[in-house]
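What follows is the residue order along each chain.
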Amino acid sequence: KLNPLWQMLVQFWVLTLSADLILLNEINEYEWWSYWADHFKNSYFYTFKSDFYREQLFNRIGFFSGKTELLPEPLDPHVSFFIPIVSGYWKIEKQLINAGYTAVSRMDVYNLKGPIKANGDGIEIIKEGGLDKWISAYVRSFDEDINLVPHIRDSLKRALDSGRTVLIARQEQNEYVGVAALYEGKNSAGIYCVGVLPKYRHKRIGMGLVSFASTLT
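Below is a short write-up of the structure.

Attention now moves to the sheet that holds strand E3 (residues 45-49). With mixed pairing, 4 strands are arranged side by side in an open sheet as E2-E3-E4-E5. Single-partner strands in this sheet number two, and they are strand E2 (38-41) and strand E5 (80-81). Relative to strand E4 (residues 60-63), E3 runs antiparallel, the two sharing 4 bridges. Among the inter-strand pairings, Phe-48 is bridged to a residue of E4, identified as Arg-60.

Have a look at this one:
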């Protein structure tokens, strides 16, 4: 029986999404975060485990299918379940709740039908020489531990070496004030790590980054 002390982190999806689109989203997300954490996958689920990044995002179990016959158990108390709340996955949620799990948070995933229009002034694609500057803005935007910088650099270098990743940033006064990453998988693309420095928020910089990234794929 699953340990009821472990928590379940619920991932909410737009209910109108088709099963095929949900699967594409899950695969893209798995591929992107696999550069950041130890990982495993089969046809039904995937796992992430990191000794450096302690957030639930990097220590979780997600699903490619609503089948429960191969439902895995967490490796340790830091691991959470991410499940899409759509038809076909309800039985996973029910099984976990019956085992004593609790839904503690949610994450929204948005799908773009095409490029969106927003101010892209000052946004640029990051070359290798700008990686540390991008990481500095990322750490400050997400209030990350400065000690994670070497691990973030290693994760991003692996992602960039794949040839599927583009890093972008909004620059003002020789400083990156907003950052984002575009990852192009085999059948879909995802925009990740959209962050803006606190004093530059509420100025539609994040929307500009998403808009710029949406034109690259």
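Leu-131, Trp-134, Ile-135, Ala-137, Tyr-138, Val-139 and Ser-141 are the residues of helix H3 (residues 131-141) that are buried. Where the residues of H3 are buried, they touch helix H4 (149-161), strand E8 (165-172), strand E9 (175-184) and strand E10 (189-196). The positive-phi residue at the C-terminal boundary of H3 is Asp-143, with phi of around 55°.

Counting residues in each nonpolar core, the largest one holds 31 residues, and the members touching the most others are Trp-32, Trp-36, Trp-134, Ile-152 and Leu-156. Elements represented by at least two residues in this core include exactly helix H1 (19-33), E3, H3, H4, E8, E9 and E10. Ranked by residue count, the leading element in this core is H3, at 6 residues. Excluding residues that lie within four positions of it along the chain, Ile-152 makes contacts with Trp-36, Tyr-53, Ile-135, Tyr-138 and Val-139. Phe-63, Ile-83, Val-86 and Ile-92 belong to the second-largest nonpolar core, a separate cluster that totals 14 residues.

Time to look at the pairing of E9. Within E9, 8 of the 10 residues are buried, which leaves it mostly tucked inside the rest of the structure. As defined by bridge partners, E8 adjoins E9 across 8 bridges and the pair is classed as antiparallel. Counterpart to Val-166 in the pairing with E9 is Leu-182. In the sheet, E9 pairs with E10 via 6 bridges, with the strands oriented antiparallel. Across the sheet, residue Glu-184 finds its bridge partner in E10, namely Ala-189.

Moving on, we get to helix H2 (residues 90-98). For H2, every residue scored as buried is listed here: Ile-92, Glu-93 and Leu-96. The buried residues of H2 occupy one face: seen down the axis, they fall within an arc of 100°. Exposed residues lying more than 90 degrees from the buried face of H2 are Lys-94 and Asn-98. Residues of H2 that are buried sit in contact with E4 and E5. Positive phi shows up at Gly-100, right after H2, with a value of about 105°.

Enumeration according to the criterion identifies 6 salt bridges in this entry. Residue Asp-51 is joined to Lys-49 by a salt bridge in which the shortest nitrogen-to-oxygen separation is 3.1 Å. Judged by relative accessible area, which is 59%, Asp-51 ranks as exposed. In this structure, Arg-153 engages Asp-132 in a salt bridge whose closest nitrogen and oxygen atoms are separated by 2.9 Å. Taken together, the positions of Arg-153 in helix H4 and Asp-132 in helix H3 put the pair 21 residues apart, joining distant regions of the chain. Of the residues examined, Asp-132 reaches a relative accessible area of 44% and is grouped as partly exposed.

Reading the values: the criteria
Residues numbered from 1 in each chain as written. Predicted model: local features only at pLDDT ≥ 70, side-chain atom pairs only at ≥ 80, totals over all residues. Heavy atoms only, no water. Pairing = 2+ DSSP bridges. Helix = DSSP H or I, 4+ residues; strand = E, 2+ residues; numbered from the N terminus. Buried < 20%, exposed > 50% of the residue type's maximum accessible area, 1.4 Å probe, protein only. Contact = heavy atoms within 4.5 Å. Core = buried A, V, L, I, M, F, W, Y, C linked by side-chain atoms within 4.5 Å. Arc of directions from axis to C-beta. Salt bridge = Lys/Arg side-chain N within 4 Å of Asp/Glu carboxyl O.

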